[in-house]
Amino acid sequence: MKASKSLIPLLIIIILAYLCIPNFFIQLLCVMVFFILVISFLYALILKRNITVERFSGELRLYCKERTKISFTVKNNSLLPVFTCHYVDNAPHFYIFQNKNTGLISLKARQKMKIVYEVYSQERGAFIIGPTVLKFYDPLFLFTITKEIQSELKILVRPQRLKLLTVTVPGIPQGNLKINNSVYEDITLKRTVREYKNQDEPKRINWRISAKFQRLFTNEYDNSYNAPFFVFLNLAKDDYEQQATADIEKAIEIAACIIEKAAFLRQSVGFAAYADTTPFLLPGNNNFDAIMDILSLIKPADGKLPYDPVKQFKSKLKNNTLFFSIGAQEVRWYYGKVLCAKENINTENTGIRKS
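I will try to describe carefully the structure that is included in this document.

What follows is about the overall build of the protein. When you go through the protein residue by residue, the secondary structure sums to 7 helices and 20 strands. What you see for the protein is a C-alpha radius of gyration of 34 Å, clearly larger than the 20 Å of a compact globule of 355 residues, by over 25%. Principal-axis analysis of the C-alpha atoms gives the protein an extent of 125 × 65 × 35 Å. Each of the 355 residues in the protein was classed as buried or not, and the buried ones make up 42%. Partitioning the contacts of the protein with sequence separation of at least 6, the portion at a separation of at least 24 is 72%. Of the roughly 20400 Å² of accessible surface on the protein, a fraction of 56% belongs to carbon and sulfur atoms. Between the mean site of the 47 positive side-chain charges and the mean site of the 31 negative ones, the protein shows a separation of 7 Å.

Here's what the structure looks like:
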């Protein structure tokens with residue numbers, strides 16, 4: 001708590017007037033002013049102990065170069081109103097729209113106010129928003145209370161989203177993906193029934209409906225398949241040529257795009273990388289968040305890739321696993337198609353998908 005510069009001269013004047021002027025009304029006025037100053041000090045002290053900041057989430061994940069709303073609540077727990085409160089929610093490393101992380105508010109007794117603003121990150125990584133600094137005053141503006149509240153919000157910025165189509169066939173029969181190919185017929189997914197034809201197999205006959213309508217009917221099924229994904233990411237610096245930093249970031253974005261597509265299609269996904277760390281995850285149904293967190297923090301490694309990723313990992317994967325290898329060459333092919341304004345850029349025509 002910081003007192004106003006005018007407070008000390010005011011106290012000196014009050015004391016001197018009380019001691020030097022033997023007038024009842026002057027002395028009474030000095031006592032009253034002194035008590036007002038004491039009440040103002042107690043007012044500020046109560047506010048200092050009762051103004052808090054709350055956040056509804058301690059962690060947040062967002063995507064690079066996408067606008068995201070950040071919120072916190074300023075709460076007055078006392079029975080006294082706050083006439084003026086200046087807030088600043090520190091958010092380094094982020095662009096803040098309209099500087100709405102700072103402003104002035106007033107709070108009634110027991111009132112809470114939610115502050116919402118939008119941020120934008122130009123790079124992936126782990127960042128922290130906070131602490132929140134509040135500055136408020138007593139009614140006479142004689143005492144300034146500055147309160148720093150450690151309501152930190154951890155933010156993990158994921159790689160930027162991009163448009164890249166993912167080719168998923170072939171795969172394993174009977175899964176979550178639909179396909180117009182009878183090879184992938186799934187007898188657990190009955191689509192409809194039709195009248196019996198001479199070439200139909202007897203095991204396909206729906207006897208219950210046939211008995212009901214006194215003629216033969218045949219079951220028809222949906223065709224579906226599964227396509228387990230496995231993504232390998234090469235971040236060896238010496239494998240990238242001139243614009244190494246931009247190409248490496250683009251390789252990470254391509255990998256994140258494929259991982260996100262696998263999650264959208266409800267397919268199991270695995271991941272490996274040659275980088276500052278060497279993660280290896282076999283395809284699984286719950287790997288999405290773990291892999292995206294790795295891609296948010298992963299950094300390149302010195303040297304060149306010392307092995308062939310297909311030979312290194314293919315033997316560890318199940319048959320029909322879709323292998324996606326991303327390195328300097330695949331990034332150049334991707335850039336080439338983007339610069340030529342090609343449409344339908346996919347994992348086949350950019351060389352990312354390995355047979």
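Structure's up, so let's keep going.
Ordered by their spatial adjacency, 5 strands build an open sheet running E18-E17-E16-E19-E20, and the pairing between neighbours is mixed. Of all strands in the sheet, those bounded by a partner on one side alone are strand E18 (280-284) and strand E20 (353-354). Two strands pair when backbone bridges link them, and strand E16 (residues 229-234) and strand E19 (residues 322-326) are joined in this way by 5 bridges, in the parallel orientation. Residue pairing in the sheet places Val 231 in a bridge with Phe 324 of E19. Packed on one face of the sheet, helix H4 (residues 244-264) meets E16, strand E17 (269-274) and E19 and runs near 170° to E16.

Sheets are built from strands paired through backbone hydrogen bonds, the pairs being either parallel or antiparallel. Spatially, the 3 strands line up as an open sheet ordered E3-E12-E9, and their pairing is mixed. Each of the sheet's edge strands pairs with one partner strand only, and the pair in question is strand E3 (59-63) and strand E9 (125-129). Strand after strand, the sheet turns through a mean of 25° between neighbouring axes, direction not considered. Note that E9 and strand E12 (residues 153-158) share 5 bridges and pair antiparallel. By the bridge assignment for E12, Phe 127 is matched with Ile 155. The strands touched by helix H5 (residues 288-297) within the sheet are E3, E9 and E12, with E12 carrying the most contacts at an inclination of about 85°.

The subject of this paragraph is the side chain of Ser 296. Tracing the backbone shows Ser 296 in helix H5. Overall, Ser 296 belongs to the buried group, its relative accessible area being 1%. One polar contact links the side chain of Ser 296 to the main-chain carbonyl oxygen of Val 157, over a distance of 3.4 Å. If we ignore the near neighbours within four places in the chain, the residues touching Ser 296 are Arg 124, Gly 125, Leu 156, Val 157, Arg 158 and Pro 159.

Here we take up the pairing of E12. Of all 6 residues in E12, 5 are buried; the element is thus mostly enclosed. Two elements, E3 and E12, share 5 bridges in a ladder whose sense is parallel. Residue Leu 62 lies in a different strand from E12, and its bridge partner there is Val 157.

A cluster of nonpolar side chains, contributed by Met 1, Ile 15, Tyr 18, Leu 19, Val 31, Phe 34, Phe 35, Val 38, Phe 41 and Leu 42, occupies part of the molecular surface with about 900 Å² of accessible area. Counting only elements with at least two residues in the nonpolar patch, the list comes to helix H1 (7-20) and helix H2 (24-50). Among the elements that line the nonpolar patch, the one with the most residues is H2, at 6 residues. In this fold, Leu 19 is placed in helix H1.

Counting through the fold element by element, Leu 322 comes out in strand E19. In this structure, the C-alpha to C-alpha distance between Leu 322 and Leu 281, residues 41 residues apart in sequence, is 14 Å. In this view, Leu 322 contacts Val 167, Thr 168, Pro 170, Ala 227, Pro 228, Phe 229, Phe 230 and Arg 353; residues no more than four positions away in its chain are not counted.

A word on the packing of aromatic side chains. The geometry of an aromatic ring pair comes down to the distance between the two centres and the angle between the two planes. Summed over the entire model, instances satisfying the criterion amount to 19 aromatic pairs. Taken together, a centroid distance of 5.1 Å and an interplanar angle of 85° make the contact between Tyr 95 and Phe 97 edge-to-face. Among the aromatic side chains, those forming a connected cluster through ring pairs are Phe 230, Phe 232, Tyr 274, Phe 280, Tyr 307, Phe 313 and Phe 323. Geometry around Phe 97 places Arg 67 over its ring, the cationic atom sitting 3.7 Å from the centre. Note that Arg 161 overlies the ring of Tyr 63, its terminal NZ or CZ placed 3.6 Å from the centroid.

Packed helices, taken two at a time, are described by the angle their axes make and the gap between the axes. Taken N-terminus to C-terminus, the directions of H4 and H5 make an angle of 170°; their axes are 10 Å apart at the nearest point. Relative to H5, the element H4 is oriented roughly antiparallel. Contacts between H4 and H5 involve Ile 252, Ala 255, Ala 256, Ile 259, Glu 260 and Ala 263 on the former and, on the latter, Phe 288, Ile 291, Met 292 and Leu 295.

On to the packing of H1 against H2, then. Their axes nearest at 9 Å, the elements H1 and H2 cross at an angle of 150°. Looking at the two axes, H1 sits roughly antiparallel to H2. The two elements H1 and H2 meet at a crossing, and its hand is left-handed. Where H1 approaches H2, its residues Leu 7, Leu 10, Leu 11, Ile 14, Ala 17 and Tyr 18 are matched on the opposing element by Ile 26, Gln 27, Cys 30, Val 31, Val 33, Phe 34 and Leu 37. When grouped by side-chain class, the residues that make up the contact of H1 with H2 number 12 nonpolar, 1 polar and no charged.

Calculation criteria
Residues numbered from 1 in each chain as written. Predicted model: local features only at pLDDT ≥ 70, side-chain atom pairs only at ≥ 80, totals over all residues. Heavy atoms only, no water. Helix = DSSP H or I, 4+ residues; strand = E, 2+ residues; numbered from the N terminus. Rg over C-alpha atoms; globule rule 2.2 N^0.38 Å. Buried < 20%, exposed > 50% of the residue type's maximum accessible area, 1.4 Å probe, protein only. Contact = heavy atoms within 4.5 Å. Areas by Shrake-Rupley, 256 points an atom, 1.4 Å probe, with all protein chains shown as cover. Lys, Arg positive; Asp, Glu negative; His and termini not counted. Charge placed at Lys NZ, Arg CZ, Asp CG, Glu CD. Pairing = 2+ DSSP bridges. Axes fitted to C-alpha atoms, helices over the stretch in contact; angles between N-to-C directions. Polar contact = N/O pair within 3.5 Å; in protein donor to acceptor, adjacent residues only side chain to side chain. Patch = residues over 30% accessible without salt bridge, like charges linked within 9 Å, V, L, I, M, F, W, Y side chains within 5 Å. Salt bridge = Lys/Arg side-chain N within 4 Å of Asp/Glu carboxyl O. Phe/Tyr/Trp six-rings, centres within 6.5 Å; stacked < 30°, edge-to-face > 60°. Lys NZ or Arg CZ within 6 Å of the ring centre and 35° of its normal. Parallel < 35°, antiparallel > 145°, perpendicular 65-115°, else oblique. Left-handed = near helix turned anticlockwise from the far one by under 90°. Nonpolar A, V, L, I, M, F, W, Y, C, P; charged D, E, K, R; others polar.

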